[in-house]
Amino acid sequence: MKVLKPILYSTVAVALASCSTAGSIAKKEVPQGPNVAIDIPAKKAELTDKEGKNWQHYDLATDTIPGMSTYKAQEFLKGKKGVEVIVGVVDSGTDLKHEDLKDVAWVNEDEIPGNGIDDDKNGYVDDINGWNFLGDSYKELLEYQRIMQNPSIADAETAAEVKEFYNKELEKAKKGIAKVEQNAGLYSKMLESVIEADKKFTKHFGKSDYSSQDVLGIKDNAELESSVAVAKQIFGFGIGSLSEAKSELEGAVSYFTGKLESDKAMISGDLLKKNYRKVVGDNPEDINDSPGYGNGNSGHSTKDESHGTHVSGIIGATRGNGKGMDGVASNVKIMAVRSVPDGDEYDKDVALGIRYAVDNGAKVINTSFGKGYSPHKNWVYDAIKYAAEKDVLIVNAAGNSSENIDVDKTFPNDAPDQVNEVSDNFITIGAMSSNYNEKLPASFTNYGKINVDVFGPGVAVYSTTPDSEYGKKSGTSMASPAVAGVAALVRSYYPELSASQVKRILMNSGTKIDFKVIKPGTKDELVPFSDLSVSGRVVNAYNALKMADRLVNGK
């Protein structure tokens, strides 16, 4: 993004500058990365199960898989010592009791669990692993629906725009309700078939981790004939296993059943009568109302509340423990900040969530969420600037609407006019796939030559889900924590570098992509990959660490 160097940044830079080595390093300019692209043919074979579950960690030159070279980065770090980095995950609830997250859970050592006292005097009672700004709520309206309920929370222009948008959505709901109901039923039946087939295969093979090759090798077995047919259909969709299919289908069922309920309520008029926020007990339109609202239960409220857990695993699931999967970063602690409901997040919860993470030691914050309207966006801009004052990097998902966000606004962002940033500690991430060809960018990802900084792995990413389970999800929500993990690695091993420097390293050191790709949201329109972001690159952990090392050690 274009940056107008703010007074705040200059002040911080001067404060950091001293005779010390750290001060000197903090003033160094991050070098530009090489403009040489890796010219190799696209991998033609389908990814194996192992590759599919770890593709974000592979190296393009060595493995022909366009991952972030995490394995190579870990080799580079052998023998080096890093410091612990706290990563704030502002998201839905996070299951920090998960087998792959319990060892990387941030613990507030200054708070005594369960005594009902704010021992550390930070304004939050019993905040052991983070804070829950949603209290006992989870379901929520979208922001435009809340504005329709109470137009006074937005300016007149926005309120008028929302009214027009709402009426269009209402007509869409009326026309599409039958299709939504059909899809809800269809995916429910598919899920039932996959669950039944999985049970039969588990019994047949005597293990639950059977492979697709095992299934395809079944011949002349009448009892399993229908289950094999189900499996072949699933494999034909490009899904590598029935366990993966269950995860995908559970998400689809949840989406369509939720949409069906919401559309019916919208058509009947009941939707705008709902007040999901009431149980929280605060006024979400007043940032100063009810200080310390919410509670210390920063975990998931239901198994379907899996987003924050998945994001957290991508960042820092325990590496090398032989369980599930490996996160990108080592030396991290995950701070769970529950601010994102099943619906649109409130600006108040986002702003205070960022401030909570900053005040309690986070050096990297991940924000994998977004919406089209933000009545109190200045609260969030102020929180971003506050994070900049404290030298905290915010890694943000670009969004999943296949839109050019240089034109179409999405929130949160760091540029009120979509050009000039409020600070230089906020990096926005687009999503890419494992295809090193014209299909490299995810079909759903937002993009922007000004407002998307760099791309990261965001398609079919395997990670942790609640109750010590695992699954694949796609979205810029997955690309952002992958990059946040790299940021945490850099900040762990090169803590002398500022948030702004780390942002520039992530952008400048990425793998240069020098070919045309299918423009997100189109069927086959080809554009240069460099048109989709500021850097024209995809994040590379090895390159980032090498650049950081040169900046700090001069090597």
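Residues numbered from 1 in each chain as written. Predicted model: local features only at pLDDT ≥ 70, side-chain atom pairs only at ≥ 80, totals over all residues. Heavy atoms only, no water.

Observations concerning the side chain of S212
Right, so step 1: Within the element layout of this structure, S212 appears in helix α8 (residues 212-216).
Right, so step 2: Excluding residues within four positions of it along the chain, S212 makes contact with F235 and G240. (Helix = DSSP H or I, 4+ residues; strand = E, 2+ residues; numbered from the N terminus. Contact = heavy atoms within 4.5 Å.)

Looking at the pairing of strand β5 (residues 393-397)
Right, so step 1: Counting buried positions along β5 gives five out of five residues, so the element sits mostly inside the fold.
Right, so step 2: One ladder, built from four bridges, connects strand β4 (residues 362-367) with β5; its direction is parallel. If you follow V364 over to β5, its bridge partner there is L393.
Right, so step 3: Viewed along the sheet, the connection from β4 through helix α13 (residues 377-389) into β5 turns out right-handed. (Buried < 20%, exposed > 50% of the residue type's maximum accessible area, 1.4 Å probe, protein only. Pairing = 2+ DSSP bridges. Right-handed = clockwise from strand over helix to strand, strands pointing away.)

So, α13
Right, so step 1: Compared with an ideal rise of 1.5 Å per residue, which puts 13 residues at 18 Å, α13 spans 19 Å between its outermost C-alpha atoms and is within 8% of the ideal.
Right, so step 2: Taken together, the buried positions of α13 are W379, V380, Y381, A383, I384, Y386, A387 and A388.
Right, so step 3: Note on α13: the residue one or two positions beyond its end, D391, has a positive phi of about 60°. (Expected span 1.5 Å × (residues − 1).)

What to know about the environment of A336
Right, so step 1: With respect to the helices and strands, the residue A336 is situated in strand β3 (residues 332-338).
Right, so step 2: Separated by 93 residues in sequence, A336 and S243 place their C-alpha atoms 27 Å apart.

Description of the nonpolar core
Right, so step 1: L497 and L506 are the most contacted members of the largest nonpolar core, which has 80 residues in total.
Right, so step 2: Considering each element in turn, this core owes the most residues, 11 residues, to helix α14 (residues 476-493).
Right, so step 3: Residues within four places of L506 in sequence aside, it is in contact with L393, I427, V454, V483, V486, A487 and V539.
Right, so step 4: In this structure, Y293, A362, F369 and Y386 belong to the second largest nonpolar core, which totals 33 residues. (Core = buried A, V, L, I, M, F, W, Y, C linked by side-chain atoms within 4.5 Å.)

Quick notes on the packing of aromatic side chains
What characterises a pair of aromatic rings is the spacing of the ring centres plus the angle enclosed by the ring planes.
Right, so step 1: Taken as a whole, this structure holds 18 aromatic pairs when the rule is applied.
Right, so step 2: Put simply, the rings of Y124, W131, F133, Y293 and Y356 touch in pairs and so form one group of aromatic residues.
Right, so step 3: Seen from the ring of F76, K80 lies directly overhead, with NZ or CZ sitting 4.1 Å from the centre.
Right, so step 4: Positioned above the aromatic ring of Y386 is the side chain of R355, whose terminal nitrogen or guanidinium carbon lies 4.7 Å from the ring centre. (Phe/Tyr/Trp six-rings, centres within 6.5 Å; stacked < 30°, edge-to-face > 60°. Lys NZ or Arg CZ within 6 Å of the ring centre and 35° of its normal.)

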